[in-house]
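Per-entry structural report
The primary structure of each chain is shown beneath.
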Amino acid sequence: MERYFGEIRQVWKRKKSETKVKCRYHRKGGVDMSGINDWILCYIDEHIEEELTVTGIAEEAGYSPSYLSRNFKNEMGIALKDYVTRRKLVKASEKIISGYRVIDAALLYGWETHAGFTKAFKKEFGFGPSFLKVMLNGIRDIGGRSLKQISRRQPRNKGHSK
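Computed from a predicted model, the values in this text were never measured in an experiment.

**Remarks on the environment of K91**
Among the structural elements, K91 can be located in helix α5 (residues 80-97). Exposure remark for K91: the relative accessible area of 23% places this residue in the partly exposed category. K91 sits 43 residues away from I48 along the chain, and the two C-alpha atoms are 8.3 Å apart. Residues within four places of K91 in sequence aside, it is in contact with I48 and Y109.

This is the structure we're talking about:
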């Protein structure tokens, strides 16, 4: 997952440090273009469990969908629609990791079927959401420890015991 969002996180951190971002600011009639991508990122995160379309986001921001999409892609290096899908998949994977059933996470973030969600998840990450659950259960079965505890575990003494 990291490889997909590394660049976006870097741009986001840079943008966040350059300007104070207020996610909840909104004025009807449009958002100042100098902070539009910051506003879009915040808007998406605030409304991630809702249906998000380029047209809907553009309408809220007060710009045309094509202008907003073009500006976002030029600045962020990813299409707005693809970014929304990735954010929803990442959020859904976080829910799955926290114990949600795959179908519940899928429905929460707007997929209508388990198959559709699995297909999108597999396309994005290279493995299905069920495999994510299997990996987590495997880690828990190692000894019920968290990843931090596993990484701190002392290596076994391979010498002869007396």
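**Focus: a nonpolar patch on the surface**
A grouping of F131, V134 and M135 is seen on the molecular surface, where their side chains present a nonpolar patch of about 280 Å² in accessible area. By the secondary structure assignment, M135 is in helix α8 (residues 129-141). On the accessibility criterion, M135 (34% relative accessible area) is partly exposed.

**What about the packing of helix α2 (residues 36-46) against α5?**
As a packed pair, α2 and α5 sit with axes 11 Å apart at the nearest point and diverge in direction by 40°. Put simply, α2 runs oblique to α5. With respect to the hand of their crossing, α2 and α5 are arranged in right-handed fashion. Every residue of α5 that contacts α2 at I40, L41, I44 and D45 is listed here: L80, Y83, V84 and R87. Partitioned by chemical class, the residues of the contact of α2 with α5 number six nonpolar, no polar and two charged.

**Observations regarding α2**
Side chains three or four residues apart in an α-helix point the same way, a direct result of the helix having 3.6 residues per turn. In terms of burial, α2 is largely enclosed, as nine of its eleven residues are buried. Residues I36, N37, D38, W39, I40, L41, C42, Y43 and I44 constitute the buried set of α2.

**Overview of the confidence of the model for the protein**
Detailed reading of the predicted coordinates is not advisable wherever pLDDT is low. For the protein, mean pLDDT is 77; residues scoring 70 or higher make up 64% of the total. Here residues 15-22 scores under 50 on pLDDT; set against residues more than four positions off or in separate chains, the count is seven contacts.

**Some details on the environment of E51**
Inspection of the secondary structure puts E51 in the loop between α2 and α3 (54-61). Remark: the alpha-carbon pair of E51 and Y109, spanning 58 residues in sequence, is separated by 8.0 Å.

Here is what the cut-offs are and how they apply
Residues numbered from 1 in each chain as written. Predicted model: local features only at pLDDT ≥ 70, side-chain atom pairs only at ≥ 80, totals over all residues. Heavy atoms only, no water. Helix = DSSP H or I, 4+ residues; strand = E, 2+ residues; numbered from the N terminus. Buried < 20%, exposed > 50% of the residue type's maximum accessible area, 1.4 Å probe, protein only. Contact = heavy atoms within 4.5 Å. Patch = residues over 30% accessible without salt bridge, like charges linked within 9 Å, V, L, I, M, F, W, Y side chains within 5 Å. Areas by Shrake-Rupley, 256 points an atom, 1.4 Å probe, with all protein chains shown as cover. Salt bridge = Lys/Arg side-chain N within 4 Å of Asp/Glu carboxyl O. Axes fitted to C-alpha atoms, helices over the stretch in contact; angles between N-to-C directions. Parallel < 35°, antiparallel > 145°, perpendicular 65-115°, else oblique. Left-handed = near helix turned anticlockwise from the far one by under 90°. Nonpolar A, V, L, I, M, F, W, Y, C, P; charged D, E, K, R; others polar. pLDDT = per-residue confidence, 0-100.

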